[in-house]
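This is what each chain is made of:
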Amino acid sequence: MKKNASTYIVAYMIILLIGGLNYIIFKYSANYKPVNYNFHNSNFYIRVLLLPMIGRILFGMSIGLESLLTKVGKHVKLKMNTTRLLIMGIPSLLISLIKILYVFGIIHYYFIRNETFLLSALFQILFGYIIISSIEKKEITN
């Protein structure tokens, strides 16, 4: 499929939609005030850890959406590049989950610093991009 203006418009509209959704998620998460700082409350995990992570992954996916839209065509079958997903996706996923791994006691406090939280957020966006960019087209010949 040839790149045209409608492909870019659809991609940018989805990016704006997911960006707005991320804004709502982060405002929702920022207003959470735990009672007695009970971190074993499931509401804490969802509002402070899980929702922002999903939002960043979706944002990363929306960044690579334009390239996916150009791959879709009439005689094209999409396939997943599992090698790329395993080699690049799993390490970025593990770094993305560092806050959750700390809360559940899987990793030590030594690994958690202010820079680590920023790094975790960047790798969540990268993980979303890796997922969407691992989809490749496979030509169908008749």
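Analysis parameters
Residues numbered from 1 in each chain as written. Predicted model: local features only at pLDDT ≥ 70, side-chain atom pairs only at ≥ 80, totals over all residues. Heavy atoms only, no water. Helix = DSSP H or I, 4+ residues; strand = E, 2+ residues; numbered from the N terminus. Buried < 20%, exposed > 50% of the residue type's maximum accessible area, 1.4 Å probe, protein only. Contact = heavy atoms within 4.5 Å. Patch = residues over 30% accessible without salt bridge, like charges linked within 9 Å, V, L, I, M, F, W, Y side chains within 5 Å. Areas by Shrake-Rupley, 256 points an atom, 1.4 Å probe, with all protein chains shown as cover. Salt bridge = Lys/Arg side-chain N within 4 Å of Asp/Glu carboxyl O. Core = buried A, V, L, I, M, F, W, Y, C linked by side-chain atoms within 4.5 Å.

Turning our eyes to something else, we now look at the overall build of the protein. The number of helices and strands found in the protein is six helices and two strands. Counting from the amino terminus, the protein carries its helices and strands in the arrangement α-α-α-β-α-α-α-β. Expressed as a percentage of the 142 residues in the protein, the buried residues total 31%. Long-range contacts, defined as pairs at least 24 residues apart, comprise 80% of the intrachain contacts of the protein with a sequence gap of at least 6.

Right, let's get into a nonpolar patch on the surface. On the surface, a cluster of nonpolar side chains totalling about 490 Å² of accessible area is made up of Leu 86, Ile 87, Met 88, Ile 90 and Leu 94. Within the secondary structure, Leu 86 is located in helix 4 (residues 82–96).

Right, let's talk about the nonpolar core for a bit. In terms of nonpolar packing, the biggest core is built from five residues, these being Leu 49, Met 53, Ile 57, Ile 100 and Phe 127. Residue contributions to this core peak at three residues, all from helix 2 (residues 42–63). In this structure, Ile 57 is in contact with Gln 124, Phe 127 and Gly 128, ignoring residues within four places of it in sequence.

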